[in-house]
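Letter by letter, the chains look like this.
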Amino acid sequence: GQPPNKKSPFNPVMLHALCRTYAIILARWGGGGRNEIVLRDNGENSKHRGADHKQPVATLKADPSAVSLLNVLCFSTSLIRTTWALTQSDPEVIKTMNAIADESKGSMPIRLRNLRPGPKKYGGESHLLICLACLSHALIITDDCEIHDLGRPLPLHQIRRCIQYLKKLLYRACCIDDFSNKDIVSNYFGLALISVAAKTMRDLYDRSSRRPLCLPKLWIVDDLMEKEIRRCK
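Position numbers for residues count from 1 along each chain, tracking the sequence in the order it is written. Residue-level local features of this predicted model are given only where pLDDT is at least 70; pairs of side-chain atoms are given and counted only at 80 or more, and the full residue set underlies all totals for whole chains, interfaces and linings. With hydrogens and water stripped out, all remaining heavy atoms of the structure feed into the side-chain values.

As for the pattern of salt bridges
Any two side chains of opposite charge can pair, on the condition that their charged atoms come close. Salt bridges, as used here, are contacts in which a Lys or Arg side-chain nitrogen is within 4 Å of a carboxyl oxygen on Asp or Glu. In the structure shown here, the tally under the stated rule is six salt bridges. As a salt-bridge pair, Glu 125 and Arg 113 come within 3.0 Å of each other at their nearest N and O atoms. You can see Glu 125 sitting in helix 6 (residues 125-138) and its partner Arg 113 sitting in the loop between helix 5 (91-101) and helix 6, a full twelve residues away along the chain. Between buried and exposed lies partly exposed: a residue is buried under 20% and exposed over 50% of the maximum accessible area for its type, with that area taken using a 1.4 Å probe on protein chains only. For Glu 125, a relative accessible area of 13% translates into the label buried. Under the relative-accessibility criterion, Arg 113 is labelled buried at 9%. Between Glu 146 and Arg 152 there is a salt bridge, with the nearest N and O atoms lying 3.9 Å from each other. The partly exposed category is assigned to Arg 152, whose relative accessible area is 44%. Three or more residues joined by partner-sharing salt bridges are found here, namely Asp 144, Arg 207 and Arg 210. For helices the rule is a DSSP run of H or I covering at least 4 residues; for strands it is a run of E covering at least 2, with both sets numbered from the N terminus onward.

Quick notes on the environment of Cys 174
On the secondary structure map, Cys 174 appears in helix 8 (residues 156-180). A relative accessible area of 17% places Cys 174 in the buried class. Separated by 64 residues in sequence, Cys 174 and Ile 110 place their C-alpha atoms 9.8 Å apart.

That's the geometry; what it means functionally is another story.
Shown next, in the form of structure tokens:
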């Protein structure tokens, strides 16, 4: 057998299995079941709460055990950096990430995303949810000096890449999927993914208002409400 002091090689398949397990727990019991971000007056609320509806629904408030899990993942492991590195380097994860945020590369609405077993060895949904949930949680105790000078929990240039990606994801979830697919029933994982993405984006924006993380234009979606904004000048 291996000597006790020898480190085992990195195993992406094992990491994926752990991410799937943690993502299911945080999606169901992490308090990300708020669907008002994407649901409007299309009758879906009644579908979700109907007596005959069998779809599992995520909690609206974080369970204490889910918060404890986040504490362990954020402050006792390097999972934030590891999962984010995979979203930037692993071809399979990158393919899934692009399909989630870009409707031209993936037709499935974000709120239909799930973690059901499939033929693929691994995708990127679980990595993304875990990374964003942990990043948002870590920002609670991370001060400006750590972010700008020490690169914690992520280097500043990677935080900017995260902002760019979240901007695309949330624009699709709220302005494209929500109006082009009015008769679908959301999946709890997809709603939790949108919810945690919105929370992370809000937390990053709040931190940037104290000490800028990027140029102001990075937060703006190109051509979105451009005429209305010009009228306000």
